[in-house]
Amino acid sequence: MTNTIETQTRPSLSTQQLEVSIGPQHPSTHGVFRMNVVLDGETIVKLKPVMGYLHRNHEQLAENMSWLGSMPYTDRLDYFCSMTNNIAYALAVEKLMGIDVPERAQYIRVIMAELTRLVNHTALVGFLLNDLGAFFTPVLYAFREREKILDLFESVAGSRMMCNYMRFGGVKLDLPDGFVDCAKAIVDNYPPFLEEMERLLTKNEILMARCQNVGILLKDLAVNASVTGPVLRASGVNYDIRKIDKYGIYDRFDFKVPLGTVGDVYDRYYVRILEMRESLKILRQAFKELSAGPVISQKGLIAAKSPRNMKVPAGDAYGRIEAPKGELGFYIVSEGGTKPYRYHVRAPSFINLTILEDMCLGHKVADAIIILGSIDIVLGEVDR
Amino acid sequence: MWGTGVLKGMAVTIKNFFDTYTSKNGIFTVEYPEKRLPEKERFRNFPILVYDEKPEELRCVACDICAKECPPKCITIVKAKDAQGKPLKQPEVFDIDFTVCMNCGICEETCPFDAIYMDHEFELAEYDRMDALIYKKERLSRPWTHFEKIRPTDAKEINERRAKDATKTAAAVKPAPPQASNQQT
Ligand code: SF4
Ligand code: SF4
């Protein structure tokens with residue numbers, strides 16, 4: 001009897017596909033981001049990211065102001081990592097101008113970049129848990145640690161998030177008194193925090209059930225879509241620009257590149273935890289080797305005093321770094337004048353976002369949210 | 001065994017919960033506005049114009065450099081003129097549009113006359129969107145002693161440099177500041 005009812009009612013239970021627009025005002029889309037998803041029941045059959053709500057004309061603006069003038073604007077690309085944005089832009093212009101960066105400034109840059117990586121990954125792990133439904137407890141633990149580093153940034157650059165600290169040929173100001181001691185204390189206190197976080201999360205069965213084998217990104221697809229950063233490394237591809245380009249002084253540091261095996265959300269989470277441990281290693285080394293000296297080259301100092309008159313020789317250059325979210329590159333073309341002729345940002349968040357649909361197909365709506373969270377996007381950088 | 005991971009995680013949250021009562025690092029927020037964290041010396045929020053003695057005698061010579069360097073172009077400067085219409089070395093109008101300023105500090109860095117600096121004041125909300133947020137010269141003026149108070153290290157450095165420059169200028173035959181004529185465009 002039951003059998004007959006089931007067979008009879010099944011055709012009428014087949015549902016119509018439903019199109020849902022998630023965002024741009026949605027608590028879990030990490031900013032003003034919209035996904036148009038087509039659902040069959042709760043399963044995603046189609047997903048289309050809609051971007052551009054935070055478009056601020058960054059590239060065009062930069063083409064209409066002095067070279068240094070767009071430095072504070074780069075802060076606002078990925079507002080979690082303003083220091084690394086500054087470094088990438090400075091690197092591109094320095095390449096074109098051929099100015100050197102003094103030793104001490106190089107070390108300061110590495111310290112800032114790695115602290116930024118800690119800030120970014122810490123916040124990301126917290127937010128990922130928010131997306132999973134662990135509402136604000138892990139995020140608050142993460143913010144507690146992040147806050148300490150932001151305070152450090154404030155004492156150095158004057159602002160917690162909009163640092164505007166790098167200059168062509170060095171950094172804006174030397175480290176204030178007591179900075180290194182404060183930073184060392186933070187670095188020493190980080191491993192206990194990471195262990196606490198891991199005790200809370202890594203072996204947590206609920207987290208494992210939600211994250212393992214969800215949103216798998218295969219190696220080939222990741223490489224073909226030119227995904228970079230922790231998302232790519234979680235899929236098992238050994239690609240870290242710090243190792244490949246060795247920009248700045250990264251060849252002097254001894255660190256490993258953690259890799260994932262499966263390429264699911266869990267791997268992406270865990271790779272970031274491991275990366276933080278490597279960053280701590282780099283930081284310890286940098287504090288040891290940091291020596292006294294000038295923090296900006298003479299040419300850079302003149303340029304910083306009068307950005308309007310700074311000319312960059314004609315040509316083009318591409319400066320790229322391993323930003324916490326992936327390969328951040330600035331492509332600039334100069335005609336020899338005081339403004340860039342063309343200025344382009346290769347934003348990791350934007351490019352990593354393009355494979356969102358491939359990762360989400362066949363999963364439930366709730367999984368799409370954590371897959372999006374695990375890519376780690378910042379809309380300021382996606383839309384620019 | 002299934003569930004041990006969750007229990008271990010719970011232990012972490014319980015520990016953190018009791019830490020807020022027992023450990024001095026448990027609560028890491030402060031109850032603003034009753035309590036505040038000490039300000040960092042380099043903290044920058046909004047530019048101010050400094051004067052040495054009298055508020056009418058700003059250090060600013062209205063050279064327009066900061067207005068040209070300001071990335072979002074939020075500074076408006078009009079030179080003052082004397083009765084004969086000759087331009088004076090002081091601003092008649094010096095407005096900064098607070099709604100546009102992005103607190104980058106480039107004006108401070110590029111001013112050759114040590115006239116504009118970033119202040120620490122950050123409670124700047126207003127009810128009016130139009131006029132109240134366009135800061136006029138009078139609203140921006142602060143005595144040099146204010147700057148010395150908020151940023152003692154920088155102020156010391158600047159004072160020393162200015163004293164050295166002043167003796168140099170006095171020693172020169174012509175007392176006109178050479179820097180000024182070079183920088184004006
Ligand atoms: S650069 Fe300095 S002196 Fe010149 S107008 Fe601006 S504040 Fe005044
Ligand atoms: S802080 Fe920046 S945006 Fe604000 S007035 Fe100065 S230069 Fe312009």
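Because the structure is predicted, anything quoted here is derived from the model rather than measured.

Student: How would you explain the pairing of strand E8 (residues 340-346) of chain A if you had to name every residue and give the values?
Tutor: Bridge analysis of strand E7 (residues 326-334) of chain A against E8 of chain A gives six bridges, and the strand direction is antiparallel. Residue pairing in the sheet places Ser-334 of chain A in a bridge with Pro-340 of chain A of E8 of chain A.

Student: How would you summarise unusual backbone geometry if you had to cite specific residues and measurements?
Tutor: Residues and elements named next belong to chain B. The peptide bond linking Tyr-32 to Pro-33 adopts the cis configuration, its omega dihedral lying at 5 degrees. With respect to the secondary-structure elements, Pro-33 resides in the loop between helix H1 (4-22) and strand E1 (46-51). Of note, the phi angle at Asp-64 is positive, near 75 degrees, even though the residue is not glycine. Among the secondary structure elements, Asp-64 is positioned in the loop between E1 and helix H2 (65-69). Of note in the backbone geometry, Asp-114 takes a positive phi value of approximately 50 degrees without being a glycine.

Student: An account of the interface of chain B and chain A is requested, with residue identities and associated values reported.
Tutor: Often, the extent of an interface is quoted as the loss of accessible area upon association of its parts. Across the boundary between the two partners, chain B contributes 27 residues, which contact 39 residues of chain A. When chain B packs against chain A, the two sides together hide about 2800 Å² of surface, and 54% of this comes from carbon and sulfur. The largest share of the area that chain B buries against chain A comes from Arg-42, Arg-44 and Glu-109 of chain B, three residues that together contribute 24% of it. Our count for the chain B to chain A interface comes out at three salt bridges. Measuring nitrogen to oxygen at the nearest pair gives 4.0 Å for the salt bridge that ties Glu-109 of chain B to Lys-172 of chain A. For the pair chain B and chain A, the number of links is 13 residue pairs in polar contact (both at pLDDT 80 or more). Among the secondary structure elements, those contributing two or more residues to the side of chain B that touches chain A are H1, H2 and helix H3 (106-110) of chain B. Sorting elements by how many residues they give to the side of chain B that touches chain A places H1 of chain B first, with eight residues. Of the residues in the side of chain B that touches chain A, the class split is 12 nonpolar, eight polar and seven charged.

Student: Give a detailed account of the site of ligand 1, specifying residues and quantitative values.
Tutor: Inspection of the region around ligand 1 gives 13 residues, with Cys-60, Cys-63, Asp-64, Cys-66 and Cys-111 of chain B positioned closest. Per-class residue counts for the shell around ligand 1 are 12 nonpolar, no polar and one charged.

Student: Outline the packing of aromatic side chains, listing residues and values.
Tutor: Counted by the stated rule, this structure contains 25 aromatic pairs over all chains. Where Tyr-269 of chain A meets Tyr-270 of chain A, the ring centres are 6.3 Å apart and the plane angle is 50 degrees; that geometry is what we call tilted. Residue classification places Tyr-269 of chain A among the buried positions, given a relative accessible area of 2%. For Tyr-270 of chain A, a relative accessible area of 28% gives the class partly exposed. Taking the centre distance of 5.8 Å and the plane angle of 55 degrees together, the rings of Tyr-117 of chain B and Trp-144 of chain B count as tilted. Placement of Tyr-117 of chain B in strand E4 (residues 116-119) and of Trp-144 of chain B in helix H5 (residues 144-150) is noted, with a sequence separation of 27 residues between them. Its relative accessible area of 6% is what places Trp-144 of chain B among the buried residues. Through successive ring pairs, a cluster of aromatic residues spans Tyr-107, Tyr-247, Tyr-250, Phe-253 and Phe-255 of chain A.

Student: Which residues make up the sheet that holds E8 of chain A, and what are the values?
Tutor: Residue and element names in this part refer to chain A. As summarised here, the arrangement of the three strands in space is E6-E7-E8, forming an open sheet in which the pairing is antiparallel. Every interior strand has two partners, whereas the edge strands, strand E6 (315-323) and E8, have only one. Pairs of neighbouring strands in the sheet enclose a mean axial angle of 10 degrees, with direction left out of account. With respect to the sheet, helix H4 (residues 82-97) is in contact with E6, E7 and E8, its orientation differing from that of E6 by roughly 150 degrees.

Student: I'd love a proper account of the environment of Pro-72 of chain B, names of residues and values included.
Tutor: Summarising the element assignment, Pro-72 of chain B is placed in the loop between H2 and strand E2 (75-81). Linking Pro-72 of chain B and Met-102 of chain B, residues 30 residues apart in sequence, is a C-alpha distance of 7.7 Å. Not counting chain neighbours up to four residues away, the residues in contact with Pro-72 of chain B comprise Tyr-73 of chain A together with Val-100 and Met-102 of chain B.

Student: Describe the confidence of the model for chain A, with residues and values.
Tutor: Here chain A averages 85 in pLDDT, and 96% of its residues register 70 or above. Here residues 1-9 of chain A scores under 50 on pLDDT; set against residues more than four positions off or in separate chains, the count is zero contacts.

Conventions used here
Residues numbered from 1 in each chain as written. Chains lettered and ligands numbered in written order. Predicted model: local features only at pLDDT ≥ 70, side-chain atom pairs only at ≥ 80, totals over all residues. Heavy atoms only, no water. Pairing = 2+ DSSP bridges. Helix = DSSP H or I, 4+ residues; strand = E, 2+ residues; numbered from the N terminus. Contact = heavy atoms within 4.5 Å. Buried area = accessible area lost by both parts, 1.4 Å probe. Salt bridge = Lys/Arg side-chain N within 4 Å of Asp/Glu carboxyl O. Polar contact = N/O pair within 3.5 Å; in protein donor to acceptor, adjacent residues only side chain to side chain. Nonpolar A, V, L, I, M, F, W, Y, C, P; charged D, E, K, R; others polar. Near = heavy atom within 4 Å. Phe/Tyr/Trp six-rings, centres within 6.5 Å; stacked < 30°, edge-to-face > 60°. Buried < 20%, exposed > 50% of the residue type's maximum accessible area, 1.4 Å probe, protein only. Axes fitted to C-alpha atoms, helices over the stretch in contact; angles between N-to-C directions. pLDDT = per-residue confidence, 0-100.

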